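# Inside the fold
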Amino acid sequence: MISNDDIAKVLAAFKTASTYDFSDYCDRSFARRVDKILTDNKISADLFVKQLMSDRDFLEKSVRDITVNTTELFRDPQMWLNLRYQVLPRFKDKPTIKIWHAGCSSGQEIYSMMILLNELGMFDKAQIFATDINTAVIEAAQTGTYKYMFNLNYLDNFDKVMRENPYNFEQKYDVPYEKYFDIDKRKDVIQMNDFLCKKPVFRKHDLVSGCNPFYHQFDLILCRNVIIYFNPKLQNKVINMFANNLSVNGFLILGASESILGSANSSFERMVGFYRKKQTISMF
Amino acid sequence: MESEYKAIMIGGSAGSFQVVCKIIAALPADYPLPIIMCLHRLKHVRSGFVEALSIKSKLPIIEPHDKEPLRNGRIYLAPANYHMYIELGNRFSLSTEDVINHSRPSIDLSFFSASYNYKRKLVGIILSGANKDGALGLKSVADGGGLTIVQDPKECQVPTMTTASMNATKVDHIFTTKQIIDFLLKLT
């Protein structure tokens, strides 16, 4: 495993050569990711640092390798069912619903959301914003093209959330896949339909900055399995930023095993799987 | 008496559920050490597992949230579809990095981080399982000076994991379920 001295050098190199600052990432997972890059590329820590300083493309690629981009269509179906039956209906009568996918990775979460909104008749009034630290995954998210064979579970998840009703087992919704995406088994591709791909506003954004990249307050912020890579201090900073940019009674949705531990907790009311922003008295 | 160990980590897969049930059923309500379990499980079945284990247990069984502090006298279970690590400062951290050996949670990764954190104050136990996840993890426990135990392959429903562990490192003890229980009870 890479030494703590070498980790410090890697952190310093990122800070010097770019605006990326990983110093408040979780130590062990950051060390492990860097270690993996060194092993995969068969390079020493010193050479890695040298390349970060001299080669911008290499640096960007390394950011991509350090950050974790695991995602699925309707990942964690229970969360999507809660969203469908408990959360989204609350916004049914509002003229707009503004949603921010923070750390959107390759976009599966955004497409899941848009599919669900469309089935609930809320697609047109929704405004979808999506950010990630990583330009390459944003480009992937914009194209909405995914491997088919590797991602067969997407269809199982889709069935669970879109076709079945856990509150009424006899009820089945007939939602054809083609309504939202085309499957080409020969080319091994799932391609999201155009009307979905065109909708979201994408922006490159690093949550470490602690600011909202849009001039909007949001009704829903999804940030699932992103801040697990941050230390408690940075987690709290990011959650506070979310609290400041959520409308009252707006929802923050974290990953299944994430929770708000620090002072930011006081801004929220915990509901099953969600955090609802409380009405609070302004301190200013 | 103060134990020389600070934590016990258990890894298991196919065939380990009954063994785990027996072990936790035998632990008294005032068992002082934390038991950290990384067991392979179905990725989308989030509920049910803790409840099933809790029926047998006098100690609270918890699926830790990210950054949750680790406390003595509790049994922790790696949540479905996350890797689980112990960070310095005795907090859990979770990750959604790629599956390793077809597994998330990966037993190896949990053991690596626990060994880094506890060094010789860790007891690592590998139970029945059908793949070799855990073997390198148990080796890291041995390399860190911790104590290593595998369930006796003759008793395992599926001995692949214990055999792989024994090939990866010279384990301190090869124990039956009963011997594992006796050992854990005597530790404190």
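The text that follows walks through the structure, step by step, so that each part is easy to find.

Conventions and cut-offs
- Residues numbered from 1 in each chain as written.
- Chains lettered and ligands numbered in written order.
- Predicted model: local features only at pLDDT ≥ 70, side-chain atom pairs only at ≥ 80, totals over all residues.
- Heavy atoms only, no water.
- Pairing = 2+ DSSP bridges.
- Helix = DSSP H or I, 4+ residues; strand = E, 2+ residues; numbered from the N terminus.
- Axes fitted to C-alpha atoms, helices over the stretch in contact; angles between N-to-C directions.
- Contact = heavy atoms within 4.5 Å.
- Buried area = accessible area lost by both parts, 1.4 Å probe.
- Salt bridge = Lys/Arg side-chain N within 4 Å of Asp/Glu carboxyl O.
- Polar contact = N/O pair within 3.5 Å; in protein donor to acceptor, adjacent residues only side chain to side chain.
- Nonpolar A, V, L, I, M, F, W, Y, C, P; charged D, E, K, R; others polar.
- 1 Å grid on protein atoms, 1.4 Å probe; cavity = no way out; pocket = protein on both sides within 12 Å on 5 of 7 lines; lining within 4 Å.
- Points joined across faces, edges and corners; volume = space filled by probe spheres on them.
- Domains from an automatic or database assignment.
- Disulfide = S-S within 2.5 Å.
- Buried < 20%, exposed > 50% of the residue type's maximum accessible area, 1.4 Å probe, protein only.
- Expected span 1.5 Å × (residues − 1).

Residues and elements named next belong to chain A. Overall, antiparallel pairing links the 3 strands, which are arranged β3-β5-β4 in an open sheet. Whereas interior strands pair on both sides, the edge strands pair on one side only; in this sheet they are β3 (145-147) and β4 (181-184). Each neighbouring strand pair of the sheet contributes to a mean axis angle of 20°, computed without reference to strand direction. Bridge analysis of β3 against strand β5 (residues 189-192) gives 3 bridges, and the strand direction is antiparallel.

The next thing to look at is the interface of chain B and chain A. The interface of chain B with chain A comprises 23 residues on the first partner and 32 residues on the second. Of all residues in chain B, His65(B), Lys67(B) and Thr96(B) give up the largest surface area on contact with chain A, accounting jointly for 25% of the area buried on that side. Between the two partners, chain B and chain A, sit 2 salt bridges. Arg33(A) is paired through a salt bridge with Glu97(B); the nearest N and O atoms lie 3.1 Å apart. For the pair chain B and chain A, the number of links is 15 residue pairs in polar contact (both at pLDDT 80 or more). Elements represented by at least two residues in the side of chain B that touches chain A include exactly β5 (83-87), β6 (91-95) and α3 (107-118) of chain B. Counted by class, the side of chain B that touches chain A contains 7 nonpolar, 6 polar and 10 charged residues.

With that settled, the discussion passes to the layout of surface pockets. In this structure, the largest pocket spans a volume of roughly 1,400 Å³. Considering the residues around the largest pocket, the lining is formed by 44 residues, among which Arg33(A), Lys36(A), Glu97(B), Asp98(B) and Val99(B) are closest to the centre. Elements with a minimum of two residues in the lining of the largest pocket: α2 (27-41), α4 (56-66), α7 (135-143), β3 and α8 (153-163) of chain A together with β5 and α3 of chain B. A total of 9 residues in the lining of the largest pocket trace back to one element, the largest contributor, which is α2(A). Both of domain 1 (4-66) and domain 2 (77-277) of chain A provide at least three residues apiece to the lining of the largest pocket.

This brings us to the state of the cysteines. Residue and element names in this part refer to chain A. Counted by the stated rule, this structure contains 0 disulfides over all chains. A disulfide-free cysteine, Cys-197 has its sulfur positioned 13 Å from the sulfur of Cys-104, the nearest such atom. For Cys-197, a relative accessible area of 12% gives the class buried. Between Cys-223, a cysteine without a disulfide, and Cys-104, which holds the nearest cysteine sulfur, the sulfur-to-sulfur distance is 11 Å. Since its relative accessible area comes to 0%, Cys-223 is described here as buried.

In an α-helix, one turn spans 3.6 residues, which is why side chains three or four residues apart end up on the same side. Here α2(A) is 15 residues long and its end C-alpha atoms lie 21 Å apart, about the 21 Å a rise of 1.5 Å per residue gives. Among all positions of α2(A), only Arg28(A), Ser29(A), Phe30(A), Ala31(A), Arg32(A), Arg33(A), Val34(A), Asp35(A), Ile37(A) and Leu38(A) are buried. Its buried side turned inward, α2(A) meets α1 (4-17), α3 (45-54) and α4 of chain A together with β5, β6 and α3 of chain B. Following α2(A) by one or two positions, Lys42(A) has its phi on the positive side, about 50°.

Most of the time, phi is negative for any residue but glycine, and the peptide bond is trans. Here the bond from Arg104(B) into Pro105(B) is cis, since omega is 10°, no more than 30 degrees from zero. Along the chain, the position of Pro105(B) falls in the loop between β6 and α3. In this model, Asp188(A) sits at a positive phi of 60°, which is unusual for a non-glycine residue. Of note, Asp188(A) is situated in the loop between β4 and β5. Phi angles above zero are rare outside glycine, and Asn101(B) is one such case at about 50°. Within the secondary structure, Asn101(B) sits in the loop between β6 and α3.

A separate point is the side chain of Gln235(A). Considering the arrangement of structural elements, one finds Gln235(A) in helix α10 (residues 232-244). Polar side-chain contacts of Gln235(A) include one of 2.7 Å to the side chain of Asp66(B). Excluding residues that lie within four positions of it along the chain, Gln235(A) makes contacts with Ile227(A), Ile228(A), Phe230(A), Asp66(B) and Lys67(B).

Take the sheet that holds strand β6 (residues 201-204) of chain A next. Residue and element names in this part refer to chain A. Spatial strand order, β6-β2-β1-β7-β8-β10-β9: 7 strands in an open sheet with mixed pairing. Across the chains shown, the open sheet's two edge strands, defined by having one partner strand only, are β6 and β9 (268-271). Adjacent strand axes in the sheet meet at a mean angle of 20° when their direction is disregarded. The pairing of strand β7 (residues 218-223) with strand β8 (residues 246-254) spans 5 bridges and is parallel. Among the inter-strand pairings, Cys-223 is bridged to a residue of β8, identified as Leu-254.

Moving on, we get to empty space enclosed by the protein. Residues and elements named next belong to chain A. Counted according to the given criterion, the structure contains 2 cavities of 30 Å³ or more. Computed from the structure, the largest cavity encloses a volume of approximately 440 Å³. Val-68, Gly-103, Asp-132, Asn-225 and Val-226 are, among the 28 residues lining the largest cavity, the residues nearest its centre. Elements with a minimum of two residues in the lining of the largest cavity: α2 and β2 (126-132). Tallying contributions element by element places α2 first for the lining of the largest cavity, with 3 residues. Broken down by class, the residue content of the lining of the largest cavity amounts to 11 nonpolar, 11 polar and 6 charged. Counting residues domain by domain, the lining of the largest cavity receives three or more from each of domain 1 (4-66) and domain 2 (77-277).

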